[in-house]
Amino acid sequence: VQLQASGGGLVQAGGSLRLSCAAPGRTFSTHARGWFRQAPGKEREFVAAIAWSGIRSFYADPVKGRFTISRDIAKNTVYLQMDSLKPEDTAVYYCAVDQYSSRDGSDLESSRVYWGQGTLVTVSS
């Protein structure tokens, strides 16, 4: 499974970025999808997830109110809009797809997932 994450870059604190995760050649319209991140010297952590239906979404406490996850089923792409970025958001961001279908993403952190390659987000102070 190939997941292509893009949209990372260097931004000043308070700025915004939008990450994208495409899945060329595969249809994950019935699978929950999400984003994780790994900061230097830290373990990978959950950021956000969205249900296969797109109706429900879940966020880690540090990003609530600042990040928004969305999906375009027609384009088979998931997005992570990141606003009010902080230096502590600096990390490599990974997109993920739940290997199981028809789930809402609430347990994506503990489920079996397909991983995409990471995209680096650097927030300067």
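In what follows, the structure referred to is the one given above.
Cut-offs used in this document
Residues numbered from 1 in each chain as written. Predicted model: local features only at pLDDT ≥ 70, side-chain atom pairs only at ≥ 80, totals over all residues. Heavy atoms only, no water. Helix = DSSP H or I, 4+ residues; strand = E, 2+ residues; numbered from the N terminus. Rg over C-alpha atoms; globule rule 2.2 N^0.38 Å. Buried < 20%, exposed > 50% of the residue type's maximum accessible area, 1.4 Å probe, protein only. Areas by Shrake-Rupley, 256 points an atom, 1.4 Å probe, with all protein chains shown as cover. Salt bridge = Lys/Arg side-chain N within 4 Å of Asp/Glu carboxyl O. Contact = heavy atoms within 4.5 Å. Disulfide = S-S within 2.5 Å. Pairing = 2+ DSSP bridges.

Engineer: Outline the overall build of the protein, supporting the account with residue identities and numerical values.
Structural biologist: Check the secondary structure of the protein and you find 0 helices and 11 strands. Listing each helix as α and each strand as β along the protein from the N terminus yields β-β-β-β-β-β-β-β-β-β-β. Against the globule reference of 14 Å for 125 residues, the protein gives a C-alpha radius of gyration of 13 Å, in line with a compact fold. Each principal axis of the C-alpha distribution contributes one length, and for the protein these read about 40 × 25 × 25 Å. Among the 125 residues that make up the protein, the fraction classed as buried is 44%. When the accessible surface of the protein is split by element, carbon and sulfur atoms take 46% of a total near 6300 Å².

Engineer: Explain the pattern of salt bridges to me, using residue names and the numbers behind them.
Structural biologist: For the structure shown, the criterion picks out 7 salt bridges. Asp-89 is the salt-bridge partner of Arg-66, the closest N and O atoms lying 2.7 Å from each other. With Arg-66 in the loop between strand S6 (57–59) and strand S7 (67–72) and Asp-89 in the loop between strand S8 (77–82) and strand S9 (91–101), this pair connects stretches of sequence that are 23 residues apart. The exposure class assigned to Arg-66 is buried, which follows from its relative accessible area of 10%.

Engineer: An account of the environment of Ser-20 is requested, with residue identities and associated values reported.
Structural biologist: Residue placement: Ser-20 occurs in strand S3 (residues 17–22). Take Ser-20: its relative accessible area is 16%, and that puts it in the buried class. With 13 residues separating them in the primary sequence, Ser-20 and Gly-7 have C-alpha atoms 6.1 Å apart. Excluding residues within four positions of it along the chain, Ser-20 makes contact with Gln-4, Ala-5, Ser-6, Trp-35, Thr-77, Val-78 and Tyr-79.

Engineer: Give a detailed account of the state of the cysteines, specifying residues and quantitative values.
Structural biologist: In this structure the tally under the stated criterion is 1 disulfide. Between Cys-21 and Cys-95 runs a disulfide, and the two sulfur atoms are separated by 2.2 Å. With the S-S dihedral at roughly 60 degrees, the linkage between Cys-21 and Cys-95 falls on the right-handed side. Separated by 74 residues along the polypeptide, Cys-21 in strand S3 and Cys-95 in strand S9 bring together distant segments of the chain. The burial state of Cys-21 is the same as that of Cys-95; both residues are buried.

Engineer: Describe the pairing of strand S11 (residues 119–124), with residues and values.
Structural biologist: Residue alternation in S11 divides its side chains into a buried set, Thr-119, Val-121 and Val-123, and an unburied set, Leu-120, Thr-122 and Ser-124. Of the pairings in the sheet, the one linking strand S2 (residues 9–12) to S11 comprises 4 bridges and is parallel in character. By the bridge assignment for S11, Leu-10 is matched with Thr-122. Of the strand pairs in this sheet, S9 and S11 are connected by 3 bridges, and their pairing is antiparallel. Paired with Val-92 across the two strands is Leu-120, which belongs to S11.

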